[in-house]
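This is what each chain is made of:
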Amino acid sequence: MDTSKGKIIISGGKPLYGEIPVSGMKNAAVAILFSTILTEDKCIIENLPDISDVNVSLEILRSIGVKVRHLDKNTVEIDSSSAAPCVAPYELVSKMRASYYLIGAELGRFGRAFVGLPGGCDFGVRPIDQHIKGFEALGADAKIDGGYIEASCPDGVLHGNSVYMDVVTVGGTINLMLAAVRAEGITVIENAAHEPHIVDTANFLNACGADIRGAGTGVIKILGVKKLHGGTYTIVPDMIEAGTFMILAAATGGNLKVTNLIPKHMDSVTAKLCEMGVKVEEDGDSLTVSRGDEELQHVNVKTQPYPGFPTDMNPQMGVLLCLAKGISHLTENVWESRFRYVEELKRMGAKIQVNGRTAEFTGVPSLHAASVRAVDLRAGSAMVIAALATPGITEIEEIHHIFRGYENLIEKLRAIGADIKVAYPENISYNVF
Ligand code: EPZ
């Protein structure tokens, strides 16, 4: 089904109640899938979310000779024994940002890589200079030429080194880790990113015989090993999907038990929701979020690398600030421009003023239904929240962005009472599902 032509139709304005489960983390899954190139043995990866970024990653792996076998919808067996550093198809690689992990993984396995520049959400400039700095520190020659990144090391072997990252970068940290696990000697990454998906990737690689210490802190030490063996690994729950559902509960005024999450990963989101007067109760691997009749209080939010408030929760929080009493400010400190969703919310009557990296929200009692677009993955999830919190019929187009990162979204929302359907054009009418 070509979801780029589809639209989501929502009749909103009703509080939502019930339990909503969280799937495996997209940003851990894509990193771990490319990490499997580093071993010649078979791996089994469990709790993979069935989303287009994972399916594109599996297609890219197949295109370089990796054997992929689905054991069920969320479990794959990966055999990279016959992988070869050939050029993955540009139309796949250019679909998502995570394809850059192909460089670190192929360098770490074969000593060379030739990969198309990655795609992904449009947040303005998305450089990879820190990735290249890391590869060069390990002895590779790396250059960008005509839309491709070419990297290789003279004797086919990388050599460990200390690298101080000029910027806290998730992708740069993971990519350097991938290149270093089979390098000769010790690599130390300083000013490393702390995100849970970095820890998950390190845990997977260590389960395959790597020797990575300190993942989740600012200093990661990697003692190179000659080979890796296979392993079985379960992806952690998606903290951004969990945060999206927590904000959905607050925005609709309902009561949602968000299950299969790691509460610790949600601390910054939980703290901000509590500051707004939202109730969050922890119970093992779930958080119950409710607002009752309380009005949402205005707050100021600043996105930061983990464990700060996640940039990937910017748009979803933006919807909540539209409905909070008074004036709130949201400052985006990670990406150059991540406020393209504001124009879509203003079509629904939101009062927002963007000044550089800060958006000022003036709360309104309610938004009004409209036709809007998903301008990127997380902005798309924000539009779903806005539509579900708004009385009337809202239609969302360009929904392919949303299905890149949210598994079974329509079914999960229907199960908690959402009136939501997807329509795809069939000649002049729409088939509604
Ligand atoms: C990852 O992107 C995530 N994507 C993004 O999530 C997320 O927004 C981002 O991390 C920050 O948490 C995946 O994991 C696939 P960065 P990444 O390198 O690795 C600058 C989503 O919605 N930078 O941490 O590309 C960069 O410009 C997506 O799931 C350099 O300057 O992000 C940015 O300002 C959207 N040079 C900052 O660092 C570099 O070489 C953080 O980028 C690399 C990055």
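Since the model is a prediction, treat every value here as computed from it, not as a measurement. (Residues numbered from 1 in each chain as written. Predicted model: local features only at pLDDT ≥ 70, side-chain atom pairs only at ≥ 80, totals over all residues. Heavy atoms only, no water.)

Some words on the domain arrangement of the chain
Here comes step 1: Taken as a whole, the chain is organised into domain 1 (7-23 + 237-430) and domain 2 (26-234).
Here comes step 2: Just the C-alpha atoms count here: the centres of domain 1 and domain 2 sit 30 Å apart.
Here comes step 3: Across the contact, 21 residues belong to domain 1 and 24 residues belong to domain 2.
Here comes step 4: Each partner contributes to the roughly 1900 Å² buried at the junction of domain 1 and domain 2, and carbon and sulfur atoms together form 53% of this total.
Here comes step 5: Looking only at domain 1, the three residues that lose the most surface to domain 2 are Trp 335, Arg 404 and Glu 407, adding up to 36% of its buried area.
Here comes step 6: Here domain 1 and domain 2 share 2 salt bridges between them. (Domains from an automatic or database assignment. Contact = heavy atoms within 4.5 Å. Buried area = accessible area lost by both parts, 1.4 Å probe. Salt bridge = Lys/Arg side-chain N within 4 Å of Asp/Glu carboxyl O.)

With respect to helix 1 (residues 26-35)
Here comes step 1: With 10 of 10 residues buried, helix 1 lies mostly within the body of the structure.
Here comes step 2: For helix 1, the set of buried residues is Lys 26, Asn 27, Ala 28, Ala 29, Val 30, Ala 31, Ile 32, Leu 33, Phe 34 and Ser 35. (Buried < 20%, exposed > 50% of the residue type's maximum accessible area, 1.4 Å probe, protein only. Helix = DSSP H or I, 4+ residues; strand = E, 2+ residues; numbered from the N terminus.)

Re unusual backbone geometry
Here comes step 1: In this structure, Pro 307 follows Tyr 306 across a cis peptide bond, with omega equal to 10°.
Here comes step 2: Looking at the element boundaries, Pro 307 is found in the loop between strand 17 (300-302) and helix 10 (314-322).
Here comes step 3: Residue Asn 191 is not a glycine yet carries a positive backbone phi of 60°.
Here comes step 4: For Asn 191, the position within the fold is in the loop between strand 10 (186-190) and helix 7 (196-207).
Here comes step 5: Despite not being glycine, Asn 260 has its phi angle at roughly 60°, a positive value.
Here comes step 6: The topology assignment puts Asn 260 in the loop between strand 14 (255-259) and helix 9 (267-275).
Here comes step 7: Exposure remark for Asn 260: the relative accessible area of 30% places this residue in the partly exposed category.

Overview of the nonpolar core
Here comes step 1: Ranked by size, the top nonpolar core spans 155 residues in total, and within it Ile 8, Ile 45, Leu 273, Ile 396 and Leu 413 carry the most contacts.
Here comes step 2: The element that contributes the greatest number of residues to this core is helix 8 (residues 239-252), accounting for 10 residues.
Here comes step 3: Viewed by domain, this core spans two of them, domain 1 (7-23 + 237-430) and domain 2 (26-234), each represented by three or more residues.
Here comes step 4: Not counting residues within four places of it along the chain, the set of residues in contact with Ile 396 comprises Gly 6, Lys 7, Ile 8, Ile 10, Val 372, Arg 373, Ala 374, Met 383, Val 384, Ala 387 and Ile 402. (Core = buried A, V, L, I, M, F, W, Y, C linked by side-chain atoms within 4.5 Å.)

Points about the site of the ligand
Here comes step 1: Contacts to the ligand come from 25 residues, most closely from Arg 97, Tyr 100, Thr 169, Asp 312 and Val 334.
Here comes step 2: In the model, an oxygen atom of the ligand is placed 3.1 Å from a nitrogen or oxygen of the Lys 26 side chain.
Here comes step 3: Within the side chain of Asp 312, one N or O atom sits 2.6 Å away from an oxygen atom of the ligand.
Here comes step 4: About the coverage of the ligand: the protein hides 91% of its 820 Å² of free accessible area.
Here comes step 5: Looking at the shell around the ligand, the elements with two or more residues in it are helix 1, helix 5 (129-137), helix 6 (170-180) and helix 12 (377-388).
Here comes step 6: Taken together, the residues of the shell around the ligand break down into 12 nonpolar, 6 polar and 7 charged.
Here comes step 7: For the shell around the ligand, the two domains that each supply at least three residues are domain 1 (7-23 + 237-430) and domain 2 (26-234). (Near = heavy atom within 4 Å. Polar contact = N/O pair within 3.5 Å; in protein donor to acceptor, adjacent residues only side chain to side chain. Areas by Shrake-Rupley, 256 points an atom, 1.4 Å probe, with all protein chains shown as cover. Nonpolar A, V, L, I, M, F, W, Y, C, P; charged D, E, K, R; others polar.)

Concerning the side chain of Asp 53
Here comes step 1: Looking at where Asp 53 falls in the secondary structure, it is placed in helix 2 (residues 52-63).
Here comes step 2: Classification of Asp 53 as buried rests on a relative accessible area of 4%.
Here comes step 3: A polar side-chain atom of Asp 53 sits 2.8 Å from a polar atom in the side chain of Arg 404.

Things to note about the sheet that holds strand 19 (residues 351-355)
Here comes step 1: Read across the sheet, 4 strands follow the order 17-18-20-19 without closing on themselves; strand pairing throughout is mixed. Every interior strand has two partners, whereas the edge strands, strand 17 and strand 19, have only one. Neighbour-to-neighbour, the strand axes of this sheet turn through a mean angle of 15°, independent of strand direction.
Here comes step 2: Strand direction decides the pairing type here: strand 17 and strand 18 (residues 327-331), joined by 3 bridges, are parallel. Bridging across to strand 18, Asn 300 finds its partner in His 329.
Here comes step 3: Contacts from helix 10 reach strand 17, strand 18, strand 19 and strand 20 (358-362) within the one sheet, and its direction differs from that of strand 18 by about 170°. (Pairing = 2+ DSSP bridges. Axes fitted to C-alpha atoms, helices over the stretch in contact; angles between N-to-C directions.)

Quick notes on the packing of helix 8 against helix 12
Here comes step 1: In the contact formed by helix 8 and helix 12, the axes pass within 9 Å of each other and the chain directions differ by 25°. Taken together, the axes of helix 8 and helix 12 are roughly parallel relative to one another. By crossing handedness, the relation of helix 8 to helix 12 is classed as right-handed. Of the residues in helix 12, those in contact with Ile 240, Thr 244, Ile 247, Leu 248, Ala 251 and Thr 252 of helix 8 are Arg 378, Ser 381, Ile 385 and Leu 388. (Parallel < 35°, antiparallel > 145°, perpendicular 65-115°, else oblique. Left-handed = near helix turned anticlockwise from the far one by under 90°.)

With respect to the pattern of salt bridges
Here comes step 1: The final tally for this structure, using the stated rule, is 21 salt bridges.
Here comes step 2: Here Glu 275 makes a salt bridge to Lys 272, at a shortest N to O gap of 3.0 Å. In this pair, Glu 275 and Lys 272 are both assigned in helix 9, 3 residues apart and thus about one turn of the helix distant.
Here comes step 3: The partner of Arg 338 in a salt bridge is Asp 312, and the shortest N-O contact between them spans 2.7 Å. With Arg 338 in the loop between strand 18 and helix 11 (341-346) and Asp 312 in the loop between strand 17 and helix 10, this residue pair connects regions lying 26 residues apart in the sequence.
Here comes step 4: Judged by relative accessible area, Asp 312 falls into the buried class, the value being 17%.
Here comes step 5: Each of the salt bridges in this network shares a partner with another, and the network as a whole consists of Glu 40, Arg 109, Arg 182 and Lys 227.

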